[in-house]
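Residues per chain are reported as follows:
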Amino acid sequence: MQNTKLLLTSFTFVGLLALAGCSFPGVYKIDIQQGNVVTQDMIDQLRPGMTRRQVRFIMGNPLLTDTFHADRWDYLYSLQPGGGERQQERISVIFNPNDQLVSLSGDFRPGVSRDEAILGKEPGTPPVTAPVENTEQPKPETPAKPGSLLDQIQKDVDGVQTVPVPTPTPLDASPQ
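Analysis parameters
Residues numbered from 1 in each chain as written. Predicted model: local features only at pLDDT ≥ 70, side-chain atom pairs only at ≥ 80, totals over all residues. Heavy atoms only, no water. UniProt positions renumbered as here; feature names shortened; annotations may be inferred. Helix = DSSP H or I, 4+ residues; strand = E, 2+ residues; numbered from the N terminus. Buried < 20%, exposed > 50% of the residue type's maximum accessible area, 1.4 Å probe, protein only. Contact = heavy atoms within 4.5 Å. Areas by Shrake-Rupley, 256 points an atom, 1.4 Å probe, with all protein chains shown as cover. Salt bridge = Lys/Arg side-chain N within 4 Å of Asp/Glu carboxyl O. Core = buried A, V, L, I, M, F, W, Y, C linked by side-chain atoms within 4.5 Å. Pairing = 2+ DSSP bridges. pLDDT = per-residue confidence, 0-100.

If you check an unreviewed UniProt entry, the protein chain appears there as Outer membrane protein assembly factor BamE from Pseudomonas fungipugnans. You can read under Subunit (unreviewed entry) in the UniProt record for the protein chain the words "Part of the Bam complex."

**Q** Give a description of the overall build of the protein chain that names residues and reports values.
**A** Of the regular secondary structure elements, the protein chain holds five helices and five strands. Moving toward the C terminus, one meets the helices and strands of the protein chain in the order α-β-α-α-β-β-β-β-α-α. Across the 176 residues of the protein chain, 15% fall into the buried class. The contacts of the protein chain with a sequence gap of at least 6 include a subset with a gap of at least 24, amounting to 41%. For the protein chain, the computed accessible surface area is about 15,300 Å², with 59% contributed by carbon and sulfur atoms.

**Q** Just give me the short version of the pattern of salt bridges, but keep the residues and values in it.
**A** All chains considered together, the criterion is met by four salt bridges. The closest approach of N and O atoms between D99 and R52, which form a salt bridge, is 2.7 Å. Of this pair, D99 sits in the loop between β4 (87-95) and β5 (101-106) while R52 sits in helix α3 (residues 52-59); the two residues are 47 residues apart in sequence, bridging distant segments of the chain. Residue class for R52 comes out buried when judged on its relative accessible area of 18%.

**Q** Outline the environment of F108, supporting the account with residue identities and numerical values.
**A** The topology assignment puts F108 in the loop between β5 and α4 (114-119). Separated by 65 residues in sequence, F108 and I43 place their C-alpha atoms 7.3 Å apart.

**Q** If you had to explain the nonpolar core to someone new, which residues and values would you point to?
**A** One finds V38, L46, V55, M59 and Y75 to be the most contacted residues of the largest nonpolar core, which totals 15 residues. Those residues within four positions of V55 in sequence are excluded, and the remaining contacts are L46, M50, G60, W73, Y75, V93, F95 and L101.

**Q** Hey, could you go over the side chain of S92 for me, with residue numbers and the actual values?
**A** Positionally, S92 belongs in strand β4. The buried category is assigned to S92, whose relative accessible area is 1%.

**Q** Go over the pairing of β5, please, and point to the residues and values.
**A** In the sheet, β4 pairs with β5 via five bridges, with the strands oriented antiparallel. Bridge assignment links I94 to a residue of β5, and that residue is S103. Linking two consecutive strands that pair antiparallel, namely β4 and β5, is a turn of five residues; a positive phi of about 60° is found at D99 within it.

**Q** Residues and numbers for unusual backbone geometry, please.
**A** The phi torsion at D99 lies on the positive side, around 60°, for a residue other than glycine. With relative accessibility at 34%, the residue D99 sits in the partly exposed group.

**Q** Any chance you could break down the confidence of the model for the protein chain for me, citing the residues and the numbers?
**A** Here the protein chain shows a mean pLDDT of 77. Residues at 70 or above account for 74%. Mean pLDDT across the elements of the protein chain bottoms out in α4 (56) and peaks in α3 (91).

This is the structure we're talking about:
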């Protein structure tokens, strides 16, 4: 009876510790990133008619190349902040049979940054800035006093002569 009670208490205690460890505040949970990072700047550089090599240079290697759709590349990116909700972005790049970029589809639109879309601003409108009232003009440089350290440094800098860099002679590549 006594052993059963002790065993039941210890199992309960271990179970509570295991349960508390899953959601204990202060436990660090890492951010999980997977896939290709795609930015709005990358999308803005893409133009219709670009070759596959040019698109690969801008976007990187695609995460998915479908065997059944050889003219489509898929770029996926997912981020799950530590313990938070998973966010996923996707973009598909489609080529014609001549290996030229034809269209894009996915979560990004050319020319519209996410910040502008969220704030409801029109793309390309300049940001509003407050007028600056106290604009100070830069003061003109005063020449260094003769004999001072600054005067000596200036003389040293002015007196520097350029020296050409010697170029090595090429090796003889003729067979012997």
